[in-house]
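# What the coordinates show
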Amino acid sequence: MTLSVRWVARHGEDERVAEILRRLVPLSRAEPGCLQYDVHRVADEPRVFVLWERYVDERALEAHTAAPYVRELVLGEALPLLEERTRTRLVALA
């Protein structure tokens, strides 16, 4: 299970969003079902962040989503600072 996630921070909130993501990355990477959890900032658009998430299966993704720190950091802290959030589920071709 792979996700491509795009966050666009509200004007003036990009540094707060970046700090939340810095806290989220090591916690997510430590999950037993997480294969990859990378966060990038678009070079010429500092308000735009791209998350690349890979999990062993759907159950691992569900465990990630239900984790208390995800609820706190993403739902509680980050979402109110975002102008846009897009999650795209990807399926490998080969």
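Look a little higher up for the structure.
Residues numbered from 1 in each chain as written. Predicted model: local features only at pLDDT ≥ 70, side-chain atom pairs only at ≥ 80, totals over all residues. Heavy atoms only, no water.

## Some remarks on the pattern of salt bridges
Applying the stated criterion to the full structure yields nine salt bridges. As a salt-bridge pair, Glu13 and Arg16 come within 3.2 Å of each other at their nearest N and O atoms. The shortest N-O distance in the salt bridge between Glu83 and Arg47 comes to 3.2 Å. Pair noted here: Glu83 is in strand β4 (residues 82-90) and Arg47 is in the loop between β2 (34-41) and β3 (48-55), with a separation of 36 residues, a long-range link. Assessed through its relative accessible area of 45%, Glu83 is described here as partly exposed. One salt-bridge network, held together by shared partners, links Asp14, Glu15 and Arg41. (Salt bridge = Lys/Arg side-chain N within 4 Å of Asp/Glu carboxyl O. Helix = DSSP H or I, 4+ residues; strand = E, 2+ residues; numbered from the N terminus. Buried < 20%, exposed > 50% of the residue type's maximum accessible area, 1.4 Å probe, protein only.)

## Points about the packing of helix α2 (residues 58-66) against helix α3 (residues 68-78)
Between α2 and α3, the least distance of the axes is 5 Å, while the angle of their chain directions is 60 degrees. Judged by the inter-axis angle, α2 sits oblique to α3. Two secondary-structure elements touch here, α2 through His64, Thr65 and Ala66 and α3 through Pro68, Tyr69, Val70 and Arg71. Grouping the constituent residues of the contact of α2 with α3 by class yields four nonpolar, two polar and one charged. (Axes fitted to C-alpha atoms, helices over the stretch in contact; angles between N-to-C directions. Parallel < 35°, antiparallel > 145°, perpendicular 65-115°, else oblique. Contact = heavy atoms within 4.5 Å. Nonpolar A, V, L, I, M, F, W, Y, C, P; charged D, E, K, R; others polar.)

## Looking at α2
For the α-helix, the turn length of 3.6 residues means that residues three or four positions removed from each other point alike. Of all the positions in α2, only Ala60, Leu61 and His64 are classed as buried. With its buried residues spanning 100 degrees around the axis, α2 presents them on a single face. Against β1 (2-9), α1 (14-29), β2, β3, α3 and β4 lie the buried residues of α2. The opening residue of α2, the one whose side-chain oxygen lies 3.3 Å from the backbone nitrogen of Arg59, is Asp57. (Arc of directions from axis to C-beta. Polar contact = N/O pair within 3.5 Å; in protein donor to acceptor, adjacent residues only side chain to side chain.)

So, to be careful, I would describe these as geometric facts and stop short of saying anything about function.
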